[in-house]
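Now for the letters of each chain:
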Amino acid sequence: MKNLIIIIAVVLISFLIGRASVQQTSQVVYTKGVAMKGSATISLPTKEIQPIHPILPYRYIFIDNTKKEVVDTAKIISKYMAERTYSLTLFEGV
């Protein structure tokens, strides 16, 4: 057991001496690249469809051994069921 402690101590000390002998250097180099021109816009939906009788997301809860369906708030449901179409133009006039 004493030999194991000595070996671990020697390895640890040699590791620390090795790390201290190497000098860490870093250099930040900035290079000027080619300038790009254009525009990117993210617009509001161009079309939105709300279903009349949607299939609602729900979960089951049990109250006094009775299974009951619980739906989240109406705002979450309307956002969940809405179908949105977006304009796909990302860049114009490069």
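This text gives an overview of the structure that appears in the document.

Cut-offs used in this document
Residues numbered from 1 in each chain as written. Predicted model: local features only at pLDDT ≥ 70, side-chain atom pairs only at ≥ 80, totals over all residues. Heavy atoms only, no water. Pairing = 2+ DSSP bridges. Helix = DSSP H or I, 4+ residues; strand = E, 2+ residues; numbered from the N terminus. Expected span 1.5 Å × (residues − 1). Buried < 20%, exposed > 50% of the residue type's maximum accessible area, 1.4 Å probe, protein only. Contact = heavy atoms within 4.5 Å.

What about the pairing of strand S2 (residues 58–63)?
Looking at chain direction, S2 and strand S3 (residues 66–71) are connected through 6 bridges and run antiparallel. Bridge pairing in S3 places arginine 59 opposite valine 70. Between the end of S2 and the start of S3, which pair antiparallel, lie 2 residues, with aspartate 64 showing a positive phi angle near 50 degrees.

Digging into helix H1 (residues 2–21)
Counted at 1.5 Å a residue, the expected span for H1 with its 20 residues is 28 Å, and the 29 Å between its end C-alpha atoms agrees. The buried count for H1 comes to 0 of 20 residues, which makes it a mostly uncovered element.

Some words on the environment of alanine 82
Along the chain, the position of alanine 82 falls in the loop between helix H2 (74–81) and strand S4 (83–85). Placed 33 residues apart in sequence, alanine 82 and isoleucine 49 show a C-alpha to C-alpha distance of 5.8 Å. Among residues more than four places away in sequence, those in contact with alanine 82 are Glu48, Ile49 and Gln50.

Some thoughts on unusual backbone geometry
Note on backbone geometry: most residues besides glycine have negative phi, and most peptide bonds are trans. Of note in the backbone geometry, aspartate 64 takes a positive phi value of approximately 50 degrees without being a glycine. Given a relative accessible area of 72%, aspartate 64 falls into the exposed group. With a phi angle near 60 degrees, asparagine 65 is a residue other than glycine that sits in the positive phi range. On the secondary structure map, asparagine 65 appears in the loop between S2 and S3.

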